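# Working through the structure, step by step
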Amino acid sequence: MLKQLREVPRIRGNLIVISGPSGSGKDSVLAVVRGEVPDLEYSVSATTRPPREGEVDGVHYFFLTREEFLARKEAGEFLETAEFCGNIYGTPRSFVEGKLDLGEDVIMDIEIRGADQVRSVMPDAVAIFLMPPSLAELEARLGKRGADSPEATRGRLRKAVEEIPAVLRYDYVVLNYDLEQAAEEIRSIIVAERARVGKCDCDRLVRGFQMESRNL
Ligand code: 5GP
């Protein structure tokens, strides 16, 4: 007798891309989602931005000098890169590809131009846009965070307004009015995407049942 399956075997993991304007609450929502969804790997980005208070190298970002970043880019180490508010950000390629090959899901928090690049090389990536409830709320959140100068905050707000129409290129939109609800919606999307027939090893399931039924 074949052993009982506890979950459907996967052919390949899903790449979950989350974007949303600065201050839309991606970090907080992602922290809840990562705590609740098992077997979800987080892709740590590289950046030339200096660390904010409390940020740890290798946990929140890999903090690189511009020279280091450009050398790694030149060596093809990034899946995508984008300049954002004067700093460069990029997704290390080998981590993501390795996990997906093992059938594990990877989640990443990247801005819209990076997401476009990811989708062009991995068209089956699942792209989720986290939408702030209003510009006023975004301004309040950025102000509360106090991480940037007033000038930098205004720059991030202008950038946010520019970024909103990109939602039309995403697969899902989640409104972050309430943190727990937004996290629950993203969790549901990830769980549903895991059950897509095209991404599961259904041939193996079918063969298993056929073998087991030979003596019926
Ligand atoms: P922050 O400086 O506030 O941490 O991030 C600024 C923006 O950069 C956010 O919109 C965030 O999603 C984006 N970002 C973070 N990592 C990456 C990355 O690896 N690639 C791209 N394209 N954007 C990133």
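Residues numbered from 1 in each chain as written. Predicted model: local features only at pLDDT ≥ 70, side-chain atom pairs only at ≥ 80, totals over all residues. Heavy atoms only, no water.

By nearness alone, 16 residues border the ligand, and Ser45, Arg49, Tyr61, Tyr89 and Asp109 come closest of all. Between the ligand and Lys26 there is a distance of 2.9 Å, counted from an oxygen atom to a side-chain nitrogen or oxygen. Between a nitrogen atom of the ligand and a side-chain N or O atom of Glu111, the distance comes to 2.7 Å. In the complex, 96% of the free accessible area of the ligand, which totals 510 Å², lies under the protein chains. Judged by the proximity of its atoms to the pocket grid, the ligand belongs to the largest pocket. Among the elements of the structure, strand 5 (78–84) and strand 6 (87–92) are those that each provide at least two residues to the shell around the ligand. Of the residues belonging to the shell around the ligand, the class tally is five nonpolar, four polar and seven charged. (Near = heavy atom within 4 Å. Polar contact = N/O pair within 3.5 Å; in protein donor to acceptor, adjacent residues only side chain to side chain. Areas by Shrake-Rupley, 256 points an atom, 1.4 Å probe, with all protein chains shown as cover. 1 Å grid on protein atoms, 1.4 Å probe; cavity = no way out; pocket = protein on both sides within 12 Å on 5 of 7 lines; lining within 4 Å. Sits in = over half its atoms within 2 Å of the grid points. Helix = DSSP H or I, 4+ residues; strand = E, 2+ residues; numbered from the N terminus. Nonpolar A, V, L, I, M, F, W, Y, C, P; charged D, E, K, R; others polar.)

Evaluation of the coordinates by the stated rule reveals zero disulfides. In this model Cys202 remains outside any disulfide bridge; the closest cysteine sulfur is found in Cys200, 5.3 Å from its own. Residue classification places Cys202 among the partly exposed residues on the basis of a relative accessible area of 24%. (Disulfide = S-S within 2.5 Å. Buried < 20%, exposed > 50% of the residue type's maximum accessible area, 1.4 Å probe, protein only.)

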